[in-house]
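# Structural overview
Chain by chain, the residues:
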Amino acid sequence: MDRSWMFKNRTTDAFEIGVNDFLRQAVAHAGIGNRIYCPCLKCGNKALYKVHEVKGHIFYNGFDTNYQRWIWHGESHLGSTVNNLGVTSITVPPLMQEDDDDDIFDMMQDVEEEFVDRPDQFEKLLSDAEKPLYDGCPNNYTKLSALVRLYNLKAANGWSDKSFSDLLVAISDMLPRPNELHTSMYQVKKTMSSLGMGYEKIHACRSDCVLYRKEYKDLECCPVCGVSRWKLEKNKDMNKKAVPAKVIWYIPPIPRFRRLFRNDAHAKNLTWHATERIKDGMLRHPADAPQWKTIDIMYPEFGTESRNLRLGLAADGMNPHSNQSTSYSTWPVILVNYNLPPHLCMKRKFVMLTMLISGPKQPGNDIDVFLAPLIEDLKLLWEEGVECFDGYRNETFKLRATLMWTINDFPAYGNLSGYSVKGYKACPICGNDTCSERLKHRKKICFMGHRRFLPQAHQFRKQKKNFNGQPEHEKVLQPLTGVQILQSVSDLHVEFGKGKKNLSVDGAWKKKSIFFDLPYWKDLYVRHNLDVMHIEKNVCESLIGTLLNIPGKTKDGEKTRLDMAEMGIRESLKPITESGRRTFLPPACYVLSRSEKRQFCSTLSEIKVPMGYSSNVRNLVQMKDLRLINLKSHDCHTLMQQLLPVAIRGLLPKQVRTVIVRLCYFFNAICSKVIDPIKIDELQEEVVVTLCLLEKYFPPAFFDVMVHLIVHLPREIKLCGPVWLRWMYPMERYMKILKGYVRNRSRPEGCIIECYVVEEAVEFCSEYLESTPTIGIPKSLESRQNVRMGFKVTPVEYKMLCEAHFYVLQNTPEVDCYRLEHLTRGEKWLQAEHRRCFIRWVRQRIETELAKPEHCITQTLRWLANEPKRDVIRYSGYGINGYTFHTWEHDLRSTTQNSGVTVEGESLHVSSAKDKNPVYANMSYYGVIEDIWELNYTSFKVAVFRCKWVNNKTGVKVDENGFTLVDLNKEGDSSDQFIMASQAKQVFYVSNPNDGRWSVVLTSKPKLYDSGDVCDNIEETPSFSQRLPECEDDQNEDVSYVREDCEGEYIEVDNSKMNKRKTFTS
């Protein structure tokens, strides 16, 4: 609509015609009854008047000429106008039209409907998006885009609010005056929070009885316990005004799902599971597993729409003060979106914080009270759905969602499921069929009896002496289904609140979980996941503590031996009392001798691992006391996955060592990112045998509930998919980020929520700014490959240069046809002759082709034929394929090992020296990088590694347990030293504890990730062994439980002080 009349004299006919047209459009599109907002200079759209009164105001006071986007009178917030044909078009501000890289206009269009109730905020935000940072600002930086870019840096690098405010002041002083940059953190948050989705503060009873919402919204006291809703003044009976005793912060997920779908790239990724997922029968993603498919089959109207969301819920407690000495527990509740590709669904950007339950005490069994708002939204998403706009397909559809399972540690498992995870029936899978026994002296409950999981004809079932003295005839019952569980708890009455005592069903089920309010919850195979991270950590700590006999960590000791005597097993390990003043504990087969402890700790302390593989292992080893200290979850993971089986080589009796290696192999196998469903059944059979072998050698106290839960892990993998998308590692890392938001120690939850909302807004804006990286997704793979260290240009010997050039020719696809032609010139044409003259021959061949008028020689072939320049660029470090490689010389003075390399190569095999027809076969070569070159072919460069290779005939072997060992002193053929950097895979070497000449080969895992690639290019978790070690003869019942080559332990009793002191004797 023409706006030129606004600037004309009020006495002209053009002004009057313009006013009449304006009023006609306003009444038609924005009239409220017979009234409209008055746009005169005095009213400023703040008051409603009848049309004739508005017309009088305009002629008397004048029309506000700054009001050029008529959002109060029917136009879109983005300046929609109606052309002569009646078609609505969007007016794009000139600044936005000039900037092709930044899509600020698209961003404002996507959030427009969120500001229907806040048009003044939208107007200000749009103004900030259009306003240049200062006059003549290059790169078209606006006030809003500059704030987004700077706050993005703050969030990504964890800057404090004060440092960021100081930075804003400094930058503002550097910029030309006047400029629009905010100079305080308060102003920045105020601007950015308007783009956030908002949150709800819900008051709660301090005893966790109810939430003050719905029918309880206006109550002053709890309807259950009668406690005041408000905080009380100290030493006073009066209530403190308007300060609630407890608050939860609820962040509704539905608006966030809608915003996610408005972005065309995200909307496309949210259907990845249906359109781009590899469907070859392997388990790569939850969509490959039966639980996902069951929902599709049982609810076809849900499964046919690929945009419907599949969610996971994670909940756990954290200390927001990062201080272990204070007992404060805040519980974040997080949603994970499984519609996304595997490399995205656990990333910070797509992990959605939905609720924060304030401390200082954990909610425990009362967590259902706090989850009520979220469950109501999830129920709405399932039963009715919500209208949502798909930015990729440019259409509106009905969005629905289902909750697939929860992710939590074992105590939280009990809180969320309503099952008691303590006592004799602590296993939620076995339930009433749990096999447990109380240890009289240790006063703990052990969970043994894993022979029940064996086939009926297995030899272990018949053995008595090596187990509990009885044969095993029982069978394992099938786990209860969701329908059966719902039937057993449906009549269970529970009163929520601290201090309330409730009856349980059969001593196991404490309540009917609030998740059963979801109609489909009872139909799921697995509702709550067993967390592999915590199971692996607990098993590792028990294993290390027992092997090293660490006080407070070991499962062995005088009480353990007395318990075994009480059970009538392993009489040879019974404590021997001498003279009434000391007790002798015979050396058990599962305990290391002092010399073995020293060798074990020495091996771990000398290990050098690749960069980013783990923490520095030597910092975990305490050589003085011969123990491991300060083990974190990931330290236990690396020990169980690869390092522990190497460290115990040559230690302990063979049968005990084998069972530990088998246990580590199992954890390594289940943590793979791509799993063959057929092998899961094999893993299930093998892990049962492994647990039975552990029962055979290790004390009953070793078998706490965490060790027992191992037997159920293959079942959950088979039903739900890979472990790495269902464990707590991503959640723990995310909670570390949430802790970093705390600025005010007295209001930790408020700080977390405010920072989360602002960062959410910045993350949203970053998607529309080409030059601003997102916070929640790691940098793309290409940005990591520019790692170059020790740049130096030096000339090299021509012979060495030709050798490197020959290898490049041999491994360049465009040269293959010439290589094959040169090799087939005769049956007796030997490899040595090919190597000697191929470079000269291919150069002449290319020159002959180029001399022809019509040829098909590419630029790459042309420059390859001319050979590289004599001066090569040498590096000490190089990043490629997700690895960071260093030279061997660099590793000598480093705490990491990055020079180990392996490559799959084609090897020439001859039967004898007279054999004129060699045979080629693929095999793995191992070595270390001695030099890193970059060959200059003028128009392009090729990186090559000069390596010292191990002789594959005499320097490489595979032992009986499947470990690959190499002798780095046995050098292979020195005439074939080079490989292309793109072919290299990284390994690292650990000295073999029982033979220092040999080193065990362990594979490093590449860090592959590309933010622009949605295909699931995921590497397998490396295994330390090529095969599962075989166990000893099952029928052998003559097991020696006492070590003859190890010292025992004396426990002396000081009767005067009644304490015990341990001594050792050979």
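Residues numbered from 1 in each chain as written. Predicted model: local features only at pLDDT ≥ 70, side-chain atom pairs only at ≥ 80, totals over all residues. Heavy atoms only, no water.

Looking only at helices and strands, the protein has 33 helices and 35 strands in total. Burial status across the protein gives 54% buried among its 1066 residues. With an accessible surface of roughly 49,000 Å², the protein has 49% of that area assigned to carbon and sulfur atoms. (Helix = DSSP H or I, 4+ residues; strand = E, 2+ residues; numbered from the N terminus. Buried < 20%, exposed > 50% of the residue type's maximum accessible area, 1.4 Å probe, protein only. Areas by Shrake-Rupley, 256 points an atom, 1.4 Å probe, with all protein chains shown as cover.)

This paragraph deals with the packing of aromatic side chains. Within the structure shown, the criterion is met by 30 aromatic pairs. Both rings, one in Tyr151 and one in Phe164, keep their centres 5.8 Å apart while their planes meet at 85°; by these two values the pair is edge-to-face. With Tyr151 in helix α6 (residues 143-157) and Phe164 in helix α7 (residues 161-174), the pair connects residues that are 13 residues apart, well separated along the chain. Its relative accessible area of 3% is what places Tyr151 among the buried residues. Plain terms: the ring middles of Tyr590 and Phe698 are 5.6 Å apart, the flat faces sit at 25° to each other, and that makes the pair stacked. Pair noted here: Tyr590 is in the loop between β18 (582-585) and α20 (594-605) and Phe698 is in the loop between α23 (677-697) and α24 (705-708), with a separation of 108 residues, a long-range link. A cation sits over an aromatic face here: Arg259 above Phe764, 4.1 Å from the ring centre. Above the face of the Trp998 ring, Lys957 is positioned so that its terminal group lies 4.3 Å from the ring centre. (Phe/Tyr/Trp six-rings, centres within 6.5 Å; stacked < 30°, edge-to-face > 60°. Lys NZ or Arg CZ within 6 Å of the ring centre and 35° of its normal.)

Let's shift gears to the sheet that holds strand β24 (residues 877-880). One open sheet accounts for three strands, arranged β21-β24-β25; its pairing is antiparallel. Of all the strands in the sheet, just β21 (788-789) and β25 (883-886) have a single pairing partner and so form its edges. Relative to β24, β21 runs antiparallel, the two being bridged by two bridges. Paired with Met789 across the strands is Gly877, a residue of β24. (Pairing = 2+ DSSP bridges.)

The omega angle of the peptide bond from Arg177 to Pro178 is -10°, so this bond is cis rather than trans. Mapping Pro178 onto the fold places it in the loop between α7 and α8 (185-193). That bond from Gly359 to Pro360 is cis: its omega, 10°, falls within 30 degrees of zero. For Pro360, the position within the fold is in the loop between β11 (352-357) and α15 (367-383). Phi at Lys214 takes a positive value of approximately 55°, unusual for a residue other than glycine. Within the secondary structure layout, Lys214 lies in the loop between β5 (200-204) and β6 (230-232).

Further remarks concern the side chain of Asp409. Structurally, Asp409 is set in the loop between β14 (401-407) and α16 (410-417). Nearest to the buried, unbridged Asp409 among oppositely charged side chains is Lys537, at 10 Å. Of the polar contacts made by the side chain of Asp409, one reaches the backbone nitrogen of Ala412; its length is 3.0 Å. Sequence-distant contacts of Asp409, defined by excluding residues within four places in its chain, comprise Asp316, Asp531, His534 and Met728. (Lys, Arg positive; Asp, Glu negative; His and termini not counted. Salt bridge = Lys/Arg side-chain N within 4 Å of Asp/Glu carboxyl O. Polar contact = N/O pair within 3.5 Å; in protein donor to acceptor, adjacent residues only side chain to side chain. Contact = heavy atoms within 4.5 Å.)

Glancing now at the environment of His528. Along the chain, His528 falls in the loop between α17 (482-489) and α18 (532-547). Classification of His528 by relative accessible area gives buried; the value is 7%. In the structure, His528 is positioned 115 residues away from Tyr413 in sequence and 6.7 Å away in space, judged by C-alpha atoms. Apart from residues lying up to four places away in sequence, His528 is in contact with Thr406, Tyr413, Leu416, Ser417, Phe515, Trp521 and Glu716. Among the polar contacts made by the side chain of His528, one reaches the side chain of Thr406 at a distance of 2.8 Å.

Along the chain, the position of Asn969 falls in the loop between β30 (964-966) and β31 (978-980). Measuring from C-alpha to C-alpha, the distance between Asn969 and Asn951 comes to 9.0 Å, with 18 residues separating the pair along the chain.

Summarising burial for strand β10 (residues 331-337): seven of the seven residues are buried, a large majority. Sheet topology places strand β9 (residues 309-315) next to β10; five bridges connect them, and they run antiparallel. From the neighbouring strand, Ala315 faces β10, where its bridge partner is Val333.

Between helix α22 (residues 654-670) and α23, the least distance of the axes is 10 Å, while the angle of their chain directions is 145°. The handedness of the crossing between α22 and α23 is left-handed. Across from Gln655, Val656, Val659, Arg662, Leu663, Phe666, Ala669 and Ile670 in α22, the residues of α23 making contact are Leu683, Glu686, Val687, Val689, Thr690, Leu693, Leu694 and Tyr697. For the contact of α22 with α23, a count of residues per class yields 12 nonpolar, two polar and two charged. (Axes fitted to C-alpha atoms, helices over the stretch in contact; angles between N-to-C directions. Left-handed = near helix turned anticlockwise from the far one by under 90°. Nonpolar A, V, L, I, M, F, W, Y, C, P; charged D, E, K, R; others polar.)

Turning our attention to the packing of helix α9 (residues 253-262) against α15. Between α9 and α15, the least distance of the axes is 10 Å, while the angle of their chain directions is 45°. When the interaxial angle is binned, α9 and α15 end up oblique. Side by side, α9 and α15 meet where Pro253, Ile254 and Phe257 of the first sit next to Leu374, Asp377, Leu380 and Leu381 of the second. (Parallel < 35°, antiparallel > 145°, perpendicular 65-115°, else oblique.)

Among the nonpolar cores identified, the biggest contains 200 residues, and Leu403, Phe515, Phe600, Leu604, Ile660, Phe667 and Phe698 are the most heavily contacted of them. A total of 11 residues in this core trace back to one element, the largest contributor, which is α22. If we ignore the near neighbours within four places in the chain, the residues touching Phe698 are Leu543, Thr546, Arg570, Tyr590, Val656, Val659, Ile660 and Phe703. Ranked by size, the runner-up nonpolar core spans 45 residues in total, among them Trp841, Tyr878, Leu935 and Cys947. (Core = buried A, V, L, I, M, F, W, Y, C linked by side-chain atoms within 4.5 Å.)

Under the definition given, this model contains 38 salt bridges. Across the pair Lys214 and Glu376 runs a salt bridge, and its minimum N-O distance is 2.7 Å. With Lys214 in the loop between β5 and β6 and Glu376 in helix α15, this residue pair connects regions lying 162 residues apart in the sequence. Taking relative accessible area as the criterion, Glu376 reaches 31% and is therefore assigned partly exposed. For Glu960, the salt bridge is made with Lys654, and the minimal N-O distance between the two is 3.6 Å. Pair noted here: Glu960 is in the loop between β29 (956-958) and β30 and Lys654 is in helix α22, with a separation of 306 residues, a long-range link. Overall, the relative accessible area of 51% leaves Glu960 in the exposed class.

Averaged over every residue, the pLDDT of the protein is 84; residues scoring 70 or more account for 86%. Scored below 50 in pLDDT, residues 77-101 shows 55 contacts in the model against residues more than four places distant or in partner chains. Note on residues 1010-1019: pLDDT is under 50 here. Beyond four places in sequence and across chains, it has 25 contacts. (pLDDT = per-residue confidence, 0-100.)

On to the environment of Trp998. With respect to the element layout, Trp998 can be found in the loop between β32 (985-991) and β33 (999-1003). Linking Trp998 and Val956, residues 42 residues apart in sequence, is a C-alpha distance of 9.0 Å. Those residues within four positions of Trp998 in sequence are excluded, and the remaining contacts are Thr954, Gly955, Val956, Lys957, Leu965, Val966, Asp967, Ser991 and Asn992.

It is worth spelling out the sheet that holds strand β8 (residues 246-250) at this point. Taken together, six strands build an open sheet; the order of strands is β5-β8-β11-β10-β9-β14 and the sheet is mixed. Two strands close off the open sheet at either side, each with one partner strand: β5 and β14. The sheet shows a mean angle of 20° between the axes of neighbouring strands, taken without regard to direction. Bridging between β8 and β11 involves three bridges; their strand directions are antiparallel. From the neighbouring strand, Trp249 faces β11, where its bridge partner is Leu356. Sitting on the sheet, α15 touches β5, β8, β9, β10, β11 and β14, and the angle it makes with β11 is about 150°.

Once that is clear, we can look at α22. Taking 1.5 Å per residue, 17 residues should reach 24 Å; α22 reaches 25 Å between its end C-alpha atoms and fits that length. Of all 17 residues making up α22, 15 are buried, and the element is well covered by its neighbours. (Expected span 1.5 Å × (residues − 1).)

If you check α7, its first and last C-alpha atoms are 20 Å apart, about what 14 residues at 1.5 Å a residue would give, namely 20 Å. Every buried residue of α7 is accounted for by Asp161, Phe164, Ser165, Leu168 and Ser172. What you see down the axis of α7 is that its buried residues fit within an arc of 100°, all on one side. Across from the buried face of α7, at angles greater than 90 degrees, the exposed residues are Lys162 and Met174. (Arc of directions from axis to C-beta.)

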